[in-house]
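Here is how the chains run, residue by residue.
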Amino acid sequence: MKMSKLFVQTLREFPSDAEVVSHKMLARAGYIRKLTSGVYNYLPLMWRVLKKIENIVREEMDNAGAQELLMPFVQPKELWEESGRWEVYGRELMRLKDRHDREMCLGPTHEEIITSIARDGLKSYKQLPVNLYQIQSKFRDEVRPRYGLLRGREFIMKDAYSFDVDEAGLDREYENMAQAYKKIFERCGLETKMVQSDSGAIGGSVSHEFMVITDTDAGENDVFYCNCCDYSANSNHAVSNLPEALVDGKEYFNETKIIDTPNTHSIEELSKFLNIPDTLILKSLVYIVDKKPVIALIRADKAVEETKLMNAIGGIDIRIASSAEIAELMANNGFDAIPGFIGPKGMKNIPIIADETVRSMKNFVVGINQTDKHMVGANISDLESEFEYADIRLVQRGELCPQCGKPLSVTKGIEVGNIFKLGTKYSKPMNAVYTDINGKTHPYVMGCYGIGISRTAAAAVEAHYDEHGIKWPIAIAPYHVVIVPVNIKDELQMKVAEKMYKDLQAAGVEVVFDDRDERAGVKFKDADLIGFPFRVTVGKTINDGFVEYKTRETGDIEKLTPDEATQKLINIIKAVK
Ligand code: ATP
Ligand code: MG
């Protein structure tokens, strides 16, 4: 490909709406162009990268025994009603009507469709197990599309679905997919961590995510991991053991009573006022889960993990209550306390979930729905309310690994793929069954396995860049090498460059020939920004028989003869393929 013909317009500046490295770089280097919020054109360089990732995914999925198909992007409401998700999926689901007023949606994921395909075709145990996958654009009307390709509304996903006769079969396929995923990300040049995770709106019991660990702002997930064993989990699922703490306030309070605590709106103010550690305070928080209020109780030195709380209620949407909603809740229960003084005592018709940390608390301090007052020396029985215990605690750095007891570390991660054990969550309601050897029918035991193709490309940039631009891993780079003749009017330089161009192309190396009549500095800048893994510069040194061979990843520059450089590139590219 001649640079003069390559469809790429690099920008002088980063686009103003780009917050993270991958969005900035991909836009500036001419890979993507925004069409509308969360929707991008994949320009030729981007499309080459995406196809390379797709092909790696395809090869490894095929090697793992899965079969590719392609399902429609538009889906009818009826199937979503069968699974029960039409009602619950929420506003991420882009719903539309056709000219006959029939309701449809744009596919955010394809469990319903694949389950309907399976139930029509997989009737006997003899046909199982099966794993079917597709690579396709999805649409999710995300609340906050951002970070370019990392969280788009339209994005490319590989989604696979497995059908087994029993849990043991699912376990085997789950492991098979975990292994395939490791190979896929390795081949893409990405280091990933496989971490335990919450199963979210898709449901099911067990799931893992593949995270690209990053120190950039783009990591939307906190990953807790242990340096001493293999424990690692997304914060929405992580658990920990806590170091010993003072949880019995008997040395501070020898009786249970209500006292004045003026202006103690925060835990900090309250613990200062009473001169006690915050481990002796029971914190009460009001959330709205699926539009209804819920009270969460937790030891005050700890924080609530919203996904855990939402799961404890069985909801699909959660947020913290506004002051107006808290005021309304107070009024409905005959109180008028302001936030900071809320508590479970006397609250009726509202689910109350207490974190496990509350179990061991004794003679503690708690809000009792009276402004400027707290109860001290309180015990669970004084709360006079019904509540359920659940682990709703957000793990924090330094807490102890649940497996080996060593302190946990935390880092940021970008989720590029995940694997779920769905079990019969879809097959049961959709009556998707097979017949066993005795003629009895059972729902399939299913798994689903996603990889964000476009997100993986962006995550690769987050993991491989410097201030000059992208440093693509070789396997997913749009082209392997750029050849830069410094002076296109110099006959020898052009002759050598053109020969290398031809030789490399003949050997299957993907080459861009920068034939533009530009200053070398401009060409080098573009080469770095676009991120070709290798650059060969043919300049004055060719008069002594040498070209300059630069490796983008390390910045190393070598002086080689044109033949040496050609051979070296051919060998490297061969090894990657
Ligand atoms: P997230 O928690 O990041 O929203 P998810 O749990 O909704 O992801 P899945 O529904 O399991 O993700 O989708 C499978 C894969 O698709 C994810 O692992 C991710 O790589 C990719 N993906 C999901 N949502 C988006 C998006 N809005 N933009 C780009 N890729 C996405
Ligand atoms: Mg999502």
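The rules we used
Residues numbered from 1 in each chain as written. Chains lettered and ligands numbered in written order. Predicted model: local features only at pLDDT ≥ 70, side-chain atom pairs only at ≥ 80, totals over all residues. Heavy atoms only, no water. Helix = DSSP H or I, 4+ residues; strand = E, 2+ residues; numbered from the N terminus. Buried < 20%, exposed > 50% of the residue type's maximum accessible area, 1.4 Å probe, protein only. Contact = heavy atoms within 4.5 Å. Areas by Shrake-Rupley, 256 points an atom, 1.4 Å probe, with all protein chains shown as cover. Pairing = 2+ DSSP bridges. Axes fitted to C-alpha atoms, helices over the stretch in contact; angles between N-to-C directions. 1 Å grid on protein atoms, 1.4 Å probe; cavity = no way out; pocket = protein on both sides within 12 Å on 5 of 7 lines; lining within 4 Å. Points joined across faces, edges and corners; volume = space filled by probe spheres on them. Nonpolar A, V, L, I, M, F, W, Y, C, P; charged D, E, K, R; others polar. Near = heavy atom within 4 Å. Polar contact = N/O pair within 3.5 Å; in protein donor to acceptor, adjacent residues only side chain to side chain. Salt bridge = Lys/Arg side-chain N within 4 Å of Asp/Glu carboxyl O.

Peer 1: Lay out the overall build of the protein chain in plain terms, naming residues and giving numbers.
Peer 2: Assigned secondary structure in the protein chain consists of 13 helices and 31 strands. Principal-axis analysis of the C-alpha atoms gives the protein chain an extent of 95 × 65 × 50 Å. For the protein chain, the proportion of its 577 residues judged to be buried stands at 53%. Restricting to contacts in the protein chain with at least 6 residues of sequence separation, those with at least 24 account for 69%. Summed over its atoms, the accessible surface of the protein chain is roughly 26,300 Å², and 48% of this surface lies on carbon and sulfur atoms.

Peer 1: Tell me about the sheet that holds strand 5 (residues 95-97), residues and numbers included.
Peer 2: Pairing is antiparallel in the open sheet, where 3 strands are placed in the order 4-6-5. Pairing within the sheet leaves two strands with one partner each, and these edge strands are strand 4 (74-76) and strand 5. If you compare each strand with its neighbour and ignore which way they point, the axes differ by 40° on average. Alignment of strand 5 against strand 6 (residues 103-106), held across 3 bridges, turns out to be antiparallel. Looking at strand 6, one finds that Arg95 is bridged to Cys105.

Peer 1: Quick one: what's the story with the layout of surface pockets, residue by residue and with numbers?
Peer 2: Counted as a void, the second largest pocket has a volume near 430 Å³. Taken together, 21 residues make up the lining of the second largest pocket; nearest its centre are Thr10, Arg28, Lys525, Asp526 and Leu529. Those elements giving two or more residues to the lining of the second largest pocket turn out to be helix 1 (21-28) and helix 12 (520-530). Of all the elements, helix 12 adds the most residues to the lining of the second largest pocket, at 7 residues. Along the lines of polarity and charge, the residues of the lining of the second largest pocket split into 10 nonpolar, 3 polar and 8 charged.

Peer 1: Run through the site of ligand 1, naming residues and quoting values.
Peer 2: Among the 15 residues in the neighbourhood of ligand 1, the closest are listed as Arg140, Glu142, Arg151, Glu415 and Asn418. The separation between a nitrogen atom of ligand 1 and a polar main-chain atom of Gly152 is 2.8 Å. Between ligand 1 and the protein, one listed contact pairs an oxygen atom with a side-chain N or O atom of Asn418 at 2.5 Å. Protein chains shield 85% of the accessible area of ligand 1, which is 580 Å² for the free molecule.

Peer 1: Describe the side chain of Asn369, naming the residues involved and giving the relevant values.
Peer 2: Within the secondary structure layout, Asn369 lies in the loop between strand 18 (364-367) and strand 19 (373-378). Asn369 gets classed as buried once you look at its relative accessible area, which sits at 2%. For Asn369, the side chain forms a polar contact with the main-chain nitrogen of Gly343, separated by 2.9 Å. With sequence-adjacent residues up to four places away left out, Asn369 is seen in contact with Met330, Phe335, Asp336, Ala337, Phe341, Ile342, Gly343, Lys345 and Met347.

Peer 1: Describe the sheet that holds strand 27 (residues 481-485), naming the residues involved and giving the relevant values.
Peer 2: An order of 28-27-29-30-31 is seen for the 5 strands of this open sheet, with the pairing classed as mixed. Every other strand in the sheet has two partners, leaving strand 28 (511-513) and strand 31 (557-560) as the edge strands with one partner each. When strand polarity is set aside, the average angle formed by the axes of neighbouring strands in this sheet is 20°. Sheet topology note: the strand 30 (residues 547-551)/strand 31 ladder contains 4 bridges and is antiparallel. The partner of Tyr549 across the bridge, within strand 31, is Glu558. Against the sheet, helix 11 (residues 491-506) makes contact with strand 27, strand 28, strand 29 (534-538) and strand 30, and its axis sits at roughly 165° relative to strand 27, the strand it touches most.

Peer 1: Tell me what's going on with the pattern of salt bridges, and back it up with residues and numbers.
Peer 2: One pass over the structure, following the stated rule, counts 39 salt bridges. Between Lys34 and Asp17 there is a salt bridge, with the nearest N and O atoms lying 2.9 Å from each other. Remark: Asp17 occurs in the segment before helix 1 and Lys34 occurs in strand 1 (residues 32-36); sequence separation between them is 17 residues. Classification of Asp17 as partly exposed rests on a relative accessible area of 36%. Its salt-bridge partner being Lys489, residue Asp517 comes within 3.1 Å of it at the nearest N-O pair.

Peer 1: So what's going on with the environment of Glu13? Residues and values would help.
Peer 2: By secondary structure assignment, the location of Glu13 is in the segment before helix 1. For the pair Glu13 and Asp171, spaced 158 residues apart in sequence, the C-alpha to C-alpha distance is 49 Å.

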